[in-house]
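# Chains, contacts and geometry: an overview
The primary structure of each chain is shown beneath.
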Amino acid sequence: MNSRNTGNPLPGIAAIICTALALTACASTAPTCISPLTKNLDSALASVQASLVNGCQAHFDRYYDNLLTIAEGDPKPENKREFSEFLVWANANGLLSNRQAENYYNRYFNVKFMAMKGDYNNCSNTCPNKQQVFLNLERELSDKERGLMKVSRDADGYYRADKLFQQIELVLTATCTACSAGR
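Residues numbered from 1 in each chain as written. Predicted model: local features only at pLDDT ≥ 70, side-chain atom pairs only at ≥ 80, totals over all residues. Heavy atoms only, no water.

A separate point is the state of the cysteines. Here the structure, examined in full by the defined rule, presents 3 disulfides. Here Cys 33 is linked by a disulfide to Cys 56, with a sulfur-sulfur distance of 2.0 Å. Across the S-S bond of Cys 33 and Cys 56 the torsion is about -95 degrees, and the bridge reads as left-handed. With a gap of 23 residues between them, Cys 33 in the loop between helix 1 (10–27) and helix 2 (41–53) and Cys 56 in the loop between helix 2 and helix 3 (60–72) connect regions that are remote in the sequence. (Disulfide = S-S within 2.5 Å. Helix = DSSP H or I, 4+ residues; strand = E, 2+ residues; numbered from the N terminus.)

Structure below.
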């Protein structure tokens, strides 16, 4: 056997670096951020909270949607309180601002429409974008149906939201017609 030392240490160093990188990759503790595997809302909330404090904050929207789906499997009025407490927890843990937490709750569980929130002139701001405003309102009404009807069995709340939607649509259409006539 002819063993020849070329004096080039690079292949040995490269092998050591590759091994170290492989071991580091195996030892990494990156969160898996899996969805809750239970159909019980209380257990799912605990699972999601654990995931969120352990590096899965970027998945908040997906987790929230998963929780809504789980709650649809057992709709009851108490679910509103469960979601409210979860959003208060998310705010207290720095995952959401106060306003974000309020918006999440109101979008699904309150009759008022977040899409119409704001102080602005309808003629100059809303009317030129009327179709987009209506689309946003329709999407929010769909979310309210999910939260109020399917998650918390609040049919009265949903019907109030639907009536408010129809009133907003009527008033906004009339306002935009008046704005067009005034030009």
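Alright, that's what it looks like, and here's the rest.
This part takes up the nonpolar core. Among the nonpolar cores identified, the biggest contains 25 residues, and Phe 60, Tyr 64, Leu 67, Phe 83, Phe 86 and Leu 87 are the most heavily contacted of them. Counting residues per element, the ones that place at least two in this core are helix 2, helix 3, helix 4 (78–92) and helix 5 (98–109). It is helix 3 that provides the largest number of residues to this core, a total of 7 residues. Once residues within four sequence positions are removed from consideration, Tyr 64 is found in contact with Phe 83, Phe 86, Leu 87, Tyr 104, Tyr 105, Tyr 108 and Phe 109. Residues Val 133, Tyr 158, Ile 168 and Cys 179 belong to the second largest nonpolar core, which totals 14 residues. (Core = buried A, V, L, I, M, F, W, Y, C linked by side-chain atoms within 4.5 Å. Buried < 20%, exposed > 50% of the residue type's maximum accessible area, 1.4 Å probe, protein only. Contact = heavy atoms within 4.5 Å.)

Let's shift gears to the confidence of the model for the protein chain. Across the protein chain, the average pLDDT comes to 86, with 81% of residues at or above 70. Looking over the protein chain, one finds the lowest element-wise mean pLDDT in helix 1, namely 49, and the highest in helix 4, namely 98. When the criterion is pLDDT under 50, residues 20–28 qualifies, and its contacts beyond four places in sequence or with other chains add up to 0 contacts. (pLDDT = per-residue confidence, 0-100.)

Another point: helix 5. Helix length check: helix 5 (12 residues) gives 16 Å between terminal C-alpha atoms against 16 Å at 1.5 Å per residue, within 8%. Every buried residue of helix 5 is accounted for by Ala 101, Tyr 104, Asn 106, Tyr 108 and Phe 109. Here the buried face of helix 5 lies against helix 3, helix 4 and helix 7 (130–151). (Expected span 1.5 Å × (residues − 1).)

Right, let's get into unusual backbone geometry. Excluding glycine, a negative phi dihedral is what most residues carry, and trans is how most peptide bonds are arranged. In this structure, Cys 33 is a non-glycine residue whose phi angle is positive, near 55 degrees. Given the relative accessible area of 11%, Cys 33 is considered buried. Not every positive phi belongs to a glycine, and Arg 153 is a case in point at roughly 50 degrees. Along the chain, Arg 153 turns up in the loop between helix 7 and helix 8 (155–181).

Closest axis-to-axis distance for the helix 2/helix 4 pair is 12 Å, and the angle between their directions is 10 degrees. Taken as axis vectors, helix 2 and helix 4 run roughly parallel relative to one another. Residue-level contacts link Leu 41, Asp 42, Leu 45, Val 48, Gln 49, Leu 52 and Val 53 of helix 2 to Asn 79, Glu 82, Phe 83, Phe 86 and Trp 89 of helix 4. Grouping the constituent residues of the contact of helix 2 with helix 4 by class yields 8 nonpolar, 2 polar and 2 charged. (Axes fitted to C-alpha atoms, helices over the stretch in contact; angles between N-to-C directions. Parallel < 35°, antiparallel > 145°, perpendicular 65-115°, else oblique. Nonpolar A, V, L, I, M, F, W, Y, C, P; charged D, E, K, R; others polar.)

Take the pattern of salt bridges next. Two side chains bearing opposite charge may form a pair once their charged atoms approach each other closely. Counting across every chain of the model gives 9 salt bridges. Between Arg 146 and Glu 72 there is a salt bridge, with the nearest N and O atoms lying 2.9 Å from each other. One end of the pair, Arg 146, is in helix 7; the other, Glu 72, is in helix 3, with 74 residues separating them in the sequence. Glu 72 sits in the partly exposed class, given a relative accessible area of 27%. In this structure, Glu 140 and Arg 107 form a salt bridge, with 3.8 Å as the shortest nitrogen-oxygen distance. Highlighted residues: Glu 140 in helix 7 and Arg 107 in helix 5, separated in sequence by 33 residues. A residue is classified by how much of its surface remains accessible, and Glu 140, at 0% relative accessible area, is buried. On the basis of relative accessible area, Arg 107 is assigned to the partly exposed category, the value being 26%. A cluster of three or more residues bridged by salt bridges with shared partners is formed by Arg 107, Glu 140, Asp 143 and Lys 144. (Salt bridge = Lys/Arg side-chain N within 4 Å of Asp/Glu carboxyl O.)

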